[in-house]
Amino acid sequence: MPDASQPVVFLDRDGTLNVEAGYIRILENLVLIEGAGEAIRRLNDAGVAAVLVTNQSGAARGYYGEDHILALNKRLVNLLDREGAHLDDVYYCPHLPDGVVEQYTCVCQCRKPAPGLVERAYSEHPQFDRNQSFVIGDKATDVELATNCGAKSVLVETGYGKQVLSGEYQWKVVPDYQASCITEAVDWILEQLSILSA
Ligand SMILES: [Mg+2]
Ligand SMILES: [Zn+2]
């Protein structure tokens, strides 16, 4: 078993890597936030794992099938790939407690802020180091995910981030760091990691 020594960043999708656009029914409407590709590439180059963890309740709500969630995630991976950026793994929660499609309607352990997706990542990637772990997201639930899995939290001001900070969306939270966007979030994380290893 490899040593758990690799730093890891758990990344939200909508509003963090791609422009928030509600439930995305048309694949082409998934568009990267400026700088997202470069930010992920910098994590890759620094040997920091970049793992997507995303709530995708569109299937549970009956808006589209689970195959569409997979297609959206694949488009994201392809857009990042074009910028030389790579995700180490992709995890999503298709569930919702009050969904309309029976198959996905349940109280699960993987809908953020529950830590199920992150725990799965740790069990499937034993090299990931919990003591060097971060969550980047635009919602209070992303910040709470970090708390629930012992990671440091970065709230980005893209997507719903500004509304979360002003108390207009979800609820107020205090992240470990507040970043204007993914670029600044990665700047801060790489700085923290260099302090840890100094
Ligand atoms: Mg989001
Ligand atoms: Zn779930």
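These numbers were taken from a predicted model, which means no experiment stands behind them.

Thresholds, definitions, all that
- Residues numbered from 1 in each chain as written.
- Chains lettered and ligands numbered in written order.
- Predicted model: local features only at pLDDT ≥ 70, side-chain atom pairs only at ≥ 80, totals over all residues.
- Helix = DSSP H or I, 4+ residues; strand = E, 2+ residues; numbered from the N terminus.
- Rg over C-alpha atoms; globule rule 2.2 N^0.38 Å.
- Buried ≥ 20, exposed ≤ 12 C-beta atoms within 10 Å, placed from the backbone.
- Pairing = 2+ DSSP bridges.
- Axes fitted to C-alpha atoms, helices over the stretch in contact; angles between N-to-C directions.
- Core = buried A, V, L, I, M, F, W, Y, C linked by C-beta atoms within 7 Å.
- Contact = placed C-beta atoms within 7 Å.
- Right-handed = clockwise from strand over helix to strand, strands pointing away.
- Parallel < 35°, antiparallel > 145°, perpendicular 65-115°, else oblique.
- Left-handed = near helix turned anticlockwise from the far one by under 90°.
- Nonpolar A, V, L, I, M, F, W, Y, C, P; charged D, E, K, R; others polar.

## Here's the deal with the overall build of the chain
Alright, step 1. Along the backbone of the chain there are six helices and six strands.
Alright, step 2. N-terminal to C-terminal, the α/β element order of the chain is β-α-β-α-β-α-β-α-β-α-β-α.
Alright, step 3. For a compact globule of 198 residues, the expected C-alpha radius of gyration is about 16 Å, and the chain comes in at 16 Å, within 12% of that figure.
Alright, step 4. Put simply, the chain has 198 residues, and 42% of those count as buried.

## Observations regarding the sheet that holds strand β1 (residues 6–11)
Alright, step 1. Here six strands make up an open sheet; going across it, the order is β3-β2-β1-β4-β5-β6 and the pairing parallel. Edge positions in the sheet fall to β3 (89–93) and β6 (177–179), since each of these pairs with one other strand and no more. Each adjacent strand pair in this sheet contributes to an overall mean axis angle of 25°, direction not counted.
Alright, step 2. Looking at chain direction, β1 and strand β2 (residues 49–55) are connected through four bridges and run parallel. Pairing of Phe-10 across the sheet is with Val-51, part of β2.

## Describing unusual backbone geometry
Residues apart from glycine generally show negative phi values, whereas peptide bonds are mostly found in trans.
Alright, step 1. For the bond from Lys-112 to Pro-113, the omega torsion is 15°, close enough to zero to count as cis.
Alright, step 2. Note on placement: Pro-113 falls in the loop between β3 and α3 (116–124).
Alright, step 3. Look at Gln-170: it is not a glycine, yet its phi comes out positive at around 55°.
Alright, step 4. If you trace the backbone, Gln-170 turns up in the loop between α5 (161–166) and β6.

## So, the nonpolar core
Alright, step 1. Residues Val-9, Phe-10, Leu-11, Val-51, Ile-136 and Ile-182 are the most contacted members of the largest nonpolar core, which totals 49 residues.
Alright, step 2. Sequence-distant contacts of Ile-136, defined by excluding residues within four places in its chain, comprise Val-9, Leu-11, Asp-12, Thr-16, Val-154, Val-156, Ile-182 and Ala-185.

## Some words on the pairing of strand β4 (residues 128–137)
Each regular strand shows side chains that alternate between the opposite faces of the sheet.
Alright, step 1. Counted residue by residue, β4 has seven buried out of 10 residues, so it is predominantly covered.
Alright, step 2. Relative to β4, β1 runs parallel, the two sharing five bridges. Note that in β4 the partner of Phe-10 across the bridge is Val-135.
Alright, step 3. The sheet contact formed by β4 and strand β5 (residues 152–156) spans four bridges and is parallel. Residue Ile-136 lies in a different strand from β5, and its bridge partner there is Val-154.
Alright, step 4. Handedness of the crossover joining β4 and β5 through helix α4 (residues 140–149): right-handed.

## Observations regarding the pairing of β1
Alright, step 1. Of all six residues in β1, five are buried; the element is thus mostly enclosed.
Alright, step 2. Taking the sense of rotation as the criterion, the β-α-β connection linking β1, helix α1 (residues 36–45) and β2 turns out right-handed.

## Some remarks on the packing of α1 against helix α6 (residues 182–197)
Alright, step 1. Running from N to C, α1 and α6 cross one another at 15°; their axes reach a closest spacing of 8 Å. In terms of their interaxial angle, α1 and α6 are classed as roughly parallel. The interaxial crossing formed by α1 with α6 has left-handed handedness. Facing α1, whose interface residues are Ala-36, Ala-39, Arg-42 and Leu-43, α6 presents Ile-182, Thr-183, Val-186 and Leu-190.
Alright, step 2. For the contact of α1 with α6, the residue count by class is six nonpolar, one polar and one charged.

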